[in-house]
Amino acid sequence: MSTVTADAPPTPSGNLPLSGVRVLELGQLIAGPFCGQLLGHFGADVIKVEPPSTGDPLRVWRELDIDGTSPWFRSLARNKKSIAIDLRKQEGREIVKQLAVRSDVIIENFKPGTLEKWGLGPQELHKENPSLIFTRVSGYGQTGPWASRPGYASVCEAESGFRFINGQPDPNTGLLSGPPIRPNISLGDSVAGLHAAFGTVLALLSKQKKASRGEQGGETVDVSIMESMLNLMEGIIPEYDRKGKVRGPSGSSVTGIVPTNAYPCLPLPSTPTSPTYIIIGANGDTLYARLMHAIGREDLIGASYAQNHHRVARQGEIEEAISAWTSQRQVEEVLTILEGAGVPVGRVVGVKEIVEGEQVKARGAVEDVEVGKDGEGWKVKMPRVFPVLEGCDTKTRWAGPDLGAHTDEILGELGLSVESIIRLREEGVIG
């Protein structure tokens, strides 16, 4: 459990793989900052640039804590230092340029062309730091006819085809019946952030190889939210190309794989009017036979059900048999029987069950991180950042800091005097 405060100095992270990598985060909200969170958690020294007075808008999104700051922000900005700089002012941009000269990576998720307008694009900054890596997250990429479009994840998810395959299918056409269903998270932003972190690490490896040859290794990592979602679309494009198939939504199942679905169970005594569901994934041939034995439906085993394509042709019959069995039982009974049979099965749970779950506790998958000053703060539960790396202590070192908590420290490292810092603050250049 992490108990350091939000504004504490960083604890040593020398055993982490990205230790010594300096990252300047110019992004806000989710996609760029999620990339920065991942890099920072594995040892990178991340400086987050925020506008004075307001900071990253995520600071006041959704639920707010007793200090008026979103716990979500405290989680997403963990292990970062915050410096408040007004990028609309020339002196503010000059400070950012000085920070960029000392950095290995810049992360940004502004509309393409914004950094160039401010004189902070690759063409300008590579003159001062030829090896600087630019990780750029946008809706549709830095090039192409859509490059200048606003890049909100919800729209990019739709344009990637992801929203089209999520919802209830029309029984006649197999296409969407009603509006598509949105996952209740900003999936496109997070997926783009993962791609950005992966691309940044690849660029750092490329930089090392170039350095070993005596070359300078600056390059751009161009991450599109739409393309990041497109990267998740499995066989949809090749199936359309070769077979003319347009995959539509599939409700709670998945097209062409049987059986894997959500099945109803008896309501819990504590919530007698609320439906309870179990997820069963028995689409392997052996697993399917185990499932049918477990529910007493040996009549659905044999040559006509032996392989997945046989079961797809009989999906309705199979799904009805499983639902008929689960709907007469409590969740715990279903779990006991199917786990005993070696069939993959799990509950559909909410956040309360997650934080109290034995597997989560055993793995330390949720951390208690202290926010605020010593003795005056409070703890916030946060999901640990994954993956787990053997031999690396990747626990959160400090929570997302207060706005501008490290401004004076960082400017002092740049060589600015106390008088200069006071003047810049009075003029609104810094916060």
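Residues numbered from 1 in each chain as written. Predicted model: local features only at pLDDT ≥ 70, side-chain atom pairs only at ≥ 80, totals over all residues. Heavy atoms only, no water.

Caption draft 1: Main features of helix 12 (residues 315-326). Over its 12 residues, helix 12 extends 17 Å from the first C-alpha to the last, a length consistent with the 16 Å expected when each residue adds 1.5 Å. Restricting attention to buried positions, one finds in helix 12 the residues Ile318, Glu319, Ala321, Ile322, Trp325 and Thr326. All buried residues of helix 12 fall inside an arc of 160° around its axis, so they share one side. Of the residues in helix 12, the exposed ones pointing more than 90 degrees away from the buried face are Gly316 and Glu320. (Helix = DSSP H or I, 4+ residues; strand = E, 2+ residues; numbered from the N terminus. Expected span 1.5 Å × (residues − 1). Buried < 20%, exposed > 50% of the residue type's maximum accessible area, 1.4 Å probe, protein only. Arc of directions from axis to C-beta.)

Caption draft 2: Spotlight on the environment of Thr255. By the element assignment, Thr255 lies in the loop between helix 9 (236-243) and strand 7 (260-265). Distance in space between the C-alpha atoms of Thr255 and Val312 is 8.7 Å, their sequence separation being 57 residues. Once you skip the residues sitting within four places of it in the chain, Thr255 turns out to touch Arg247, Gly248 and Ser250. (Contact = heavy atoms within 4.5 Å.)

Caption draft 3: Looking closely at the nonpolar core. Residues Leu18, Val21, Val23, Leu39, Ala44, Val105 and Val137 are the most contacted members of the largest nonpolar core, which totals 34 residues. Mapped onto this core, the elements with two or more residues apiece are helix 1 (31-41), helix 2 (71-76), strand 4 (105-108), strand 5 (133-138), helix 6 (153-159), helix 7 (187-212), strand 6 (220-224) and helix 8 (225-230). Beyond its immediate chain neighbours, meaning those up to four positions away, Val23 contacts Leu39, Ala44, Asp45, Val46, Ile47, Val105 and Ile107. (Core = buried A, V, L, I, M, F, W, Y, C linked by side-chain atoms within 4.5 Å.)

Caption draft 4: Highlighting helix 3 (residues 90-101). For helix 3, built from 12 residues, the straight-helix expectation of 16 Å at 1.5 Å per residue is met to within 8% by its first-to-last C-alpha distance of 17 Å. Gly92, Arg93, Ile95, Val96, Leu99 and Ala100 are the residues of helix 3 that are buried. On an axial view of helix 3, the arc spanned by its buried residues comes to 155°, and they lie on one face.

Caption draft 5: Examining the sheet that holds strand 8 (residues 276-281) more closely. Sheet architecture is open: three strands sit in the order 7-8-9, paired in antiparallel fashion. Looking along the sheet, the strands with just one partner apiece sit at the ends: strand 7 and strand 9 (345-347). In this sheet, neighbouring strand axes are inclined to one another by 30° on average, regardless of whether the strands run parallel or antiparallel. In this sheet, strand 9 lies alongside strand 8 in antiparallel orientation, the contact comprising three bridges. Considered in strand 9, the bridge of Ile280 is made with Val345. Here helix 12 sits on the sheet and contacts strand 7 and strand 8; the angle it forms with strand 7, its principal contact strand, is near 35°. (Pairing = 2+ DSSP bridges. Axes fitted to C-alpha atoms, helices over the stretch in contact; angles between N-to-C directions.)

Caption draft 6: Examining the sheet that holds strand 2 (residues 45-50) more closely. Reading across the sheet, the six strands line up as 3-2-1-4-5-6 and stay open at both edges, with parallel pairing between neighbours. Sheet topology places strand 3 (80-84) and strand 6 at the edges, where each strand pairs with a single neighbour. Going from strand to strand, the sheet's axes swing by 20° on average, the running direction of each strand aside. Alignment of strand 5 against strand 6, held across five bridges, turns out to be parallel. Across the sheet, the residue bridging to Thr135 is Val221, located in strand 6. Where helix 7 meets the sheet, it contacts strand 4, strand 5 and strand 6, and its direction lies at approximately 165° from that of strand 5.

Caption draft 7: Main features of the environment of Arg314. In this structure, Arg314 sits in the loop between helix 11 (308-313) and helix 12. Along the sequence, Arg314 and Gly244 sit 70 residues apart, while their C-alpha atoms lie 23 Å from each other.

Caption draft 8: Main features of the packing of aromatic side chains. By the definition in use, this model includes three aromatic pairs. When the centroid spacing of 5.3 Å and the interplanar angle of 80° are considered together, the rings of Phe110 and Trp118 count as edge-to-face. The class for Trp118 is buried, based on a relative accessible area of 19%. The ring of Tyr140 carries Arg149 above its face, with NZ or CZ at 5.9 Å from the centroid. Sitting over the ring of Tyr305, Arg314 keeps its end group 5.6 Å from the ring centre. (Phe/Tyr/Trp six-rings, centres within 6.5 Å; stacked < 30°, edge-to-face > 60°. Lys NZ or Arg CZ within 6 Å of the ring centre and 35° of its normal.)

Caption draft 9: Seen up close, the pattern of salt bridges. Applying the stated rule across the entire model yields 27 salt bridges. The partner of Glu108 in a salt bridge is Arg136, and the shortest N-O contact between them spans 2.6 Å. On the criterion of sequence distance, the pair formed by Glu108 in strand 4 and Arg136 in strand 5 is long-range, its members being 28 residues apart. Taking the relative accessible area as the measure of exposure, Glu108 reaches 1% and is therefore buried. Classification of Arg136 as buried rests on a relative accessible area of 4%. The salt bridge involving Asp285 is made with Arg311; its shortest N-O contact spans 3.0 Å. (Salt bridge = Lys/Arg side-chain N within 4 Å of Asp/Glu carboxyl O.)

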